[in-house]
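Survey of secondary and tertiary structure
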Amino acid sequence: MPDEAPTIAYVVSRWGEPTQTFVRREAAAVMARGGRVRVLSLKRPRASDLPVEIVHLGPAAVLVGFVRTLVRHPRRSARVLGCVVRGSAPRNLGPQTAAAIIGLAWAARSTRDVDLLHAHFGWVAATAGWAAASVTGCRHSVVLHAFELHTRRHLDGFTPRPLRDAVAVFTIAAQDVDLVRRRWGIEAQVMRMGVSDDWLDVGARTTRDPWRVVSVGSLVPKKDHATLLRALALADRRWHLTIVGDGPLRGALARIAASQDLVGRVELAGALSEADVRAAMRAAGAF
């Protein structure tokens, strides 16, 4: 690999979350183009098949790293913590302060030789990446998703600070570019979290069941699987539905399926591996 290949540190709340395979695919694409990838995970990471260096600090390592950064960069560290304390709403102060402390701990060692700290989600991951960048001078960027833009309890006076200091801010949809501009006066770019035709093998239709529908997503209200079930109840009885994913609404969706006379036509498959998700999508006639 050439010496000039950039090193990008992915900053995430927890690496390997089954509902965040888009982060893994993005990191894999960076590696395929010659970039180096390091992962900074605030929480203990899950198993991953991507061959990357994953940094997760336990409580003792966080304390040691934080003290080292505090000694080396006392003014910058104090400025970081002051911004978090002054800007955060009381409900957010605990997690945001913890994220900033972890980011300062990373700055002592884990950001060495990193060209860009790239945070997914503009919540605690963005705070940790911003904190590390603020004391080291490393560039940082943030990808905003729906969670932190549309969950009002996470928004407060501190929210835009990591965005304003970033070299780039991304959203996953064009309407959110307008939202970020209106709300904070920050210009963002669209970075879509889709999958390629090659990933889906869209041309391989010989094994598809034209009457099978597959839906992939967490079983939470914003995914609105309930509407999908009620639509299926009105459709041709040859249609069958496989829902891939897990979450708190699993029991409620099972009850809706029973009430709509969909037993035998709906499968709640639970969380599956990425390979099994691909297989389910290849076998279905509609997504």
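One can find the structure itself at the top, above this paragraph.
Here's what I pulled together on the structure shown here.

Analysis parameters
Residues numbered from 1 in each chain as written. Predicted model: local features only at pLDDT ≥ 70, side-chain atom pairs only at ≥ 80, totals over all residues. Heavy atoms only, no water. Buried < 20%, exposed > 50% of the residue type's maximum accessible area, 1.4 Å probe, protein only. Helix = DSSP H or I, 4+ residues; strand = E, 2+ residues; numbered from the N terminus. Arc of directions from axis to C-beta. Contact = heavy atoms within 4.5 Å. Patch = residues over 30% accessible without salt bridge, like charges linked within 9 Å, V, L, I, M, F, W, Y side chains within 5 Å. Areas by Shrake-Rupley, 256 points an atom, 1.4 Å probe, with all protein chains shown as cover. Salt bridge = Lys/Arg side-chain N within 4 Å of Asp/Glu carboxyl O. Lys, Arg positive; Asp, Glu negative; His and termini not counted. Charge placed at Lys NZ, Arg CZ, Asp CG, Glu CD. Core = buried A, V, L, I, M, F, W, Y, C linked by side-chain atoms within 4.5 Å. 1 Å grid on protein atoms, 1.4 Å probe; cavity = no way out; pocket = protein on both sides within 12 Å on 5 of 7 lines; lining within 4 Å. Points joined across faces, edges and corners; volume = space filled by probe spheres on them. Nonpolar A, V, L, I, M, F, W, Y, C, P; charged D, E, K, R; others polar. Pairing = 2+ DSSP bridges. Disulfide = S-S within 2.5 Å. Right-handed = clockwise from strand over helix to strand, strands pointing away.

**Examining helix α12 (residues 274-283)**
Among the residues of α12, those classed as buried are V277, A280 and M281. The buried side chains of α12 occupy one side of the element, clustering within an arc of 95° when seen end-on. Check the buried side of α12 and you find it contacts α9 (197-200), β8 (209-216), β9 (240-244) and β11 (284-286).

**A short note on a positive patch on the surface**
Together, R68, R72, R109 and R112 line one region of the surface with positive charge. Its location among the elements puts R68 in helix α2 (residues 59-72). Assessed through its relative accessible area of 34%, R68 is described here as partly exposed.

**Concerning the nonpolar core**
In terms of nonpolar packing, the biggest core is built from 47 residues, with V11, L42, W106 and L117 touching the most fellow members. Those elements giving two or more residues to this core turn out to be β1 (7-12), α2, α3 (74-87), α4 (90-107), β4 (116-120), α5 (124-136), β5 (139-144) and α8 (174-184). Residue contributions to this core peak at nine residues, all from α5. In this structure, V11 is in contact with L40, L42, W106, L117, H118, A119, H120, A125, A128 and G129, ignoring residues within four places of it in sequence. Core analysis: the next-biggest nonpolar cluster, separate from the first, contains 14 residues, Y10, V12, V52 and F121 among them.

**Description of the layout of surface pockets**
Here the second largest pocket is characterised by a volume of approximately 350 Å³. Along its surface, the second largest pocket is lined by 16 residues, and F22, R25, E26, A29 and G194 are the ones closest to its centre. Grouping the amino acids of the lining of the second largest pocket by side-chain chemistry returns eight nonpolar, two polar and six charged.

**Side note on the sheet that holds strand β6 (residues 168-171)**
Spatial strand order, β3-β2-β1-β4-β5-β6-β7: seven strands in an open sheet with parallel pairing. Each edge of the open sheet carries a strand with a single partner, namely β3 (53-55) and β7 (189-190). Note: β5 against β6, four bridges, orientation parallel. From the neighbouring strand, S141 faces β6, where its bridge partner is A168.

**Here's the deal with the environment of V55**
Relative to the helices and strands, V55 is located in strand β3. A residue is classified by how much of its surface remains accessible, and V55, at 11% relative accessible area, is buried. With 136 residues separating them along the chain, V55 and M191 place their C-alpha atoms 25 Å apart. When near neighbours in sequence (up to four residues on either side) are disregarded, V55 contacts R38, V39, L40, S41, W106 and S110.

**Quick notes on the state of the cysteines**
Per the stated rule, a full pass over the model turns up zero disulfides. Looking at C138, it has no disulfide partner, and the nearest cysteine sulfur is the one in C83, 18 Å off.

**Observations regarding the pairing of β9**
Counting buried residues along β9, four of its five residues qualify, which places the element largely inside the surrounding structure. Taken together, the five bridges between β8 and β9 define a ladder with parallel strand orientation. Bridge pairing in β9 places V213 opposite L241. As a crossover connection, the stretch from β8 through helix α10 (residues 225-234) into β9 is right-handed. As defined by bridge partners, β9 adjoins strand β10 (residues 266-270) across four bridges and the pair is classed as parallel. Each bridged residue has a counterpart across the sheet, and for L241 the counterpart in β10 is V266.

**Quick look at the pairing of β5**
Buried residues dominate β5, accounting for five of its six residues. The sheet contact formed by β4 and β5 spans five bridges and is parallel. If you follow L117 over to β5, its bridge partner there is H140. Considered for its hand, the β-α-β crossover made up of β4, α5 and β5 is right-handed.

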